[in-house]
Each structure stands twice: as structure tokens, then as C-alpha cells.
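Structure at a glance
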Amino acid sequence: MTAGSEQQIRALLENRTRAFARRDAATAAAGYDDDLVLYDAVGPLVRRGEDPADRLERWIGSYRTGIGHEIRDLEITAGADLAFCHFLVRISGTMRDGTEVGMWVRATSCLRRRGDAWTIVHEHASVPFDADTGRAELRAEL
């Protein structure tokens, strides 16, 4: 992996984090590839062919505040044209109905280099669940 690839991928993720804080769906979606396959933490099971900016606009719109998006434990592996990274991300903010959100999500992103730019072609986000109750562990702490 080249230092340049790792820096570019980190910059893409950091740019998205700043965009969530500003409630800027278009900028947050700019790092996604046109062929994005998304396994989101919320349904449906698979999203394909959807405009990611529209999805992010709806998600951001459900918050009264900017969305906190703190990435931890980021690990990146990159080859010449393909890369993947995995990390934990804390999502926080206040929703329109007053609900305070503060939860950790597990994320994996697969990226493809097109020319000089990396784009996310597959993203998977999940939350752990309690096997005894089947309930999501939304308040899990590190």
C-alpha cells in the first residue's frame, strides 16, 4: 500500500465526517461510486442503484442537529486499484423528535481507484445484537 493511497482514503472519510456535521448530503455522497452496493444498518437488506445523496439527504433531514460521525480504529489495506477499510464509528446528534442519538456502528468500506481518485463501491454498516433477546445493542460503549 502506498502512503498516497492511505492518505486519499483517509481524506475521503474525513471529508464525509465534516459533511455530516454541516448537514451536507451532496458532499457526504461524493465519495460513493456510481455502482455502489450498500448494506446499511437500516433496511432494506441491500441497496443498489439508489442515489446515495437522496438517501443521505433523508437521513440528515431526520436530525435537528448536525450529525456527529467519530471514526475510531480505522484500518486501511490498499492495492493498486482496490482497497478496503474497517472501523468503528460513533453516530450522535439530536433527531427532529428530540431523541438523542449516541451509538457505535461497525463499518467496512470497499473502494476502487478510478484514475487518481478512490470511490466507495461497497459499504457495510452494522450494530451488534443481543443473541438472547434479538435486540440491537445501540448503546454499546467501547
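Before reading on, note that the structure itself is shown above.
Quick look at the structure, then. (Residues numbered from 1 in each chain as written. Predicted model: local features only at pLDDT ≥ 70, side-chain atom pairs only at ≥ 80, totals over all residues. Heavy atoms only, no water.)

Description of the overall build of the chain
For the chain, the count of helices and strands is 3 helices and 6 strands. Computed over the C-alpha atoms, the radius of gyration of the chain is 15 Å, within 12% of the 14 Å expected from 2.2 N^0.38 for a compact globule of 142 residues. Taking the principal axes of its C-alpha atoms as reference, the chain extends roughly 45 × 35 × 25 Å. Among the 142 residues that make up the chain, the fraction classed as buried is 36%. In the chain, of all internal contacts separated by at least 6 residues, the share reaching a separation of at least 24 is 55%. A total accessible area of about 8100 Å² is found for the chain, and carbon and sulfur atoms account for 51% of it. (Helix = DSSP H or I, 4+ residues; strand = E, 2+ residues; numbered from the N terminus. Rg over C-alpha atoms; globule rule 2.2 N^0.38 Å. Buried < 20%, exposed > 50% of the residue type's maximum accessible area, 1.4 Å probe, protein only. Contact = heavy atoms within 4.5 Å. Areas by Shrake-Rupley, 256 points an atom, 1.4 Å probe, with all protein chains shown as cover.)

A closer look at a nonpolar patch on the surface
A contiguous nonpolar surface patch, about 290 Å² in accessible area, is contributed by Tyr39, Leu45 and Val46. Turning to its location among the elements, Tyr39 is positioned in strand 1 (residues 32-39). (Patch = residues over 30% accessible without salt bridge, like charges linked within 9 Å, V, L, I, M, F, W, Y side chains within 5 Å. Salt bridge = Lys/Arg side-chain N within 4 Å of Asp/Glu carboxyl O.)

What to know about the pairing of strand 5 (residues 100-114)
Two strands pair when backbone bridges link them, and strand 4 (residues 82-94) and strand 5 are joined in this way by 13 bridges, in the antiparallel orientation. Following the sheet pairing, Leu82 is matched in strand 5 by Arg112. Hairpin connection of strand 4 to strand 5: 5 residues between the antiparallel strands, including Gly98 at a positive phi of 95°. Where strand 5 lies against strand 6 (residues 117-126), 9 bridges are found, and the strand directions are antiparallel. Within strand 6, the position partnered with Ala107 by the bridge is Ala125. (Pairing = 2+ DSSP bridges.)

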